[in-house]
Amino acid sequence: WVADFVQGDYAKLGMAGIFWENVDGVYGEVGAKAYEGDFKDERFGYLGHEIFLLPGHMLPEHNHLGNGSQKGFGPKMETWHIRHGSVEFFGEYQGLAGETPISEMAESEKPWGYGEPWFKSKYVKTCVAGELYSLKDPESWHFMRAGKNGAIVAEYATYHNDVKFSNPDMEFGNSTAEEI
């Protein structure tokens, strides 16, 4: 799938990907339905997602809240594995991975939206192929931007299907030909 978040500028703001799995279920109700362990009748969820980004391509700033339309699930926990290229990860909070303030970036390198009233992220961390980066703060605002050679990023996460964007004009979808 591809998405331009209804902004009409896919080369700048968008993403393509493959969801290998986005599973939510109940122990004992899947597969052979033979599970009788301690977690029988409890919910579980996980996902595997491959993200393809063009050079400089970025996702919009977003978060994943617990519950909401996700009854029974907490906030999405995510780890990304950079498989090709490089990625800048932007986030609301400084973690333990050497994140630096966005305010210290050269003006020409600051991400789209920085300084707007709706923009929440304050820190950035660059990772290259082979590295892992994890979102440590559930429900925090975050996004990524590919480096000069683009990126392929594998995402490993808990099941989630509820995303909120900081920019009120953003939505998960695509522009129509008439809008472009």
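In what follows, the structure referred to is the one given above.
Here is what the cut-offs are and how they apply
- Residues numbered from 1 in each chain as written.
- Predicted model: local features only at pLDDT ≥ 70, side-chain atom pairs only at ≥ 80, totals over all residues.
- Heavy atoms only, no water.
- Helix = DSSP H or I, 4+ residues; strand = E, 2+ residues; numbered from the N terminus.
- Buried < 20%, exposed > 50% of the residue type's maximum accessible area, 1.4 Å probe, protein only.
- Core = buried A, V, L, I, M, F, W, Y, C linked by side-chain atoms within 4.5 Å.
- Pairing = 2+ DSSP bridges.

**Some details on the environment of alanine 3**
With respect to the helices and strands, the residue alanine 3 is situated in strand 1 (residues 2-3). Judged by its relative accessible area of 1%, alanine 3 falls in the buried class. On a C-alpha basis, the gap between alanine 3 and glutamate 139 in space is 22 Å, while along the polypeptide they are 136 residues apart.

**Describing the nonpolar core**
Soluble globular proteins tend to pack their nonpolar side chains together in the buried interior. If you look at the biggest cluster of nonpolar residues, it comprises 28 residues, and the most contacted ones within it are Ile51, Leu53, Trp80, Val87, Phe89, Met144 and Val153. Elements represented by at least two residues in this core include exactly strand 3 (43-53), strand 5 (78-91), strand 7 (123-128) and strand 9 (142-157).

**A word on the pairing of strand 2 (residues 15-26)**
Bridge analysis of strand 1 against strand 2 gives 2 bridges, and the strand direction is antiparallel. Note on strand 2: the bridge partner recorded for valine 2 is alanine 16. Relative to strand 3, strand 2 runs antiparallel, the two being bridged by 10 bridges. The residue bridging aspartate 24 from the neighbouring strand is glycine 45, located in strand 3.

So yeah, pure geometry; function would need other evidence.
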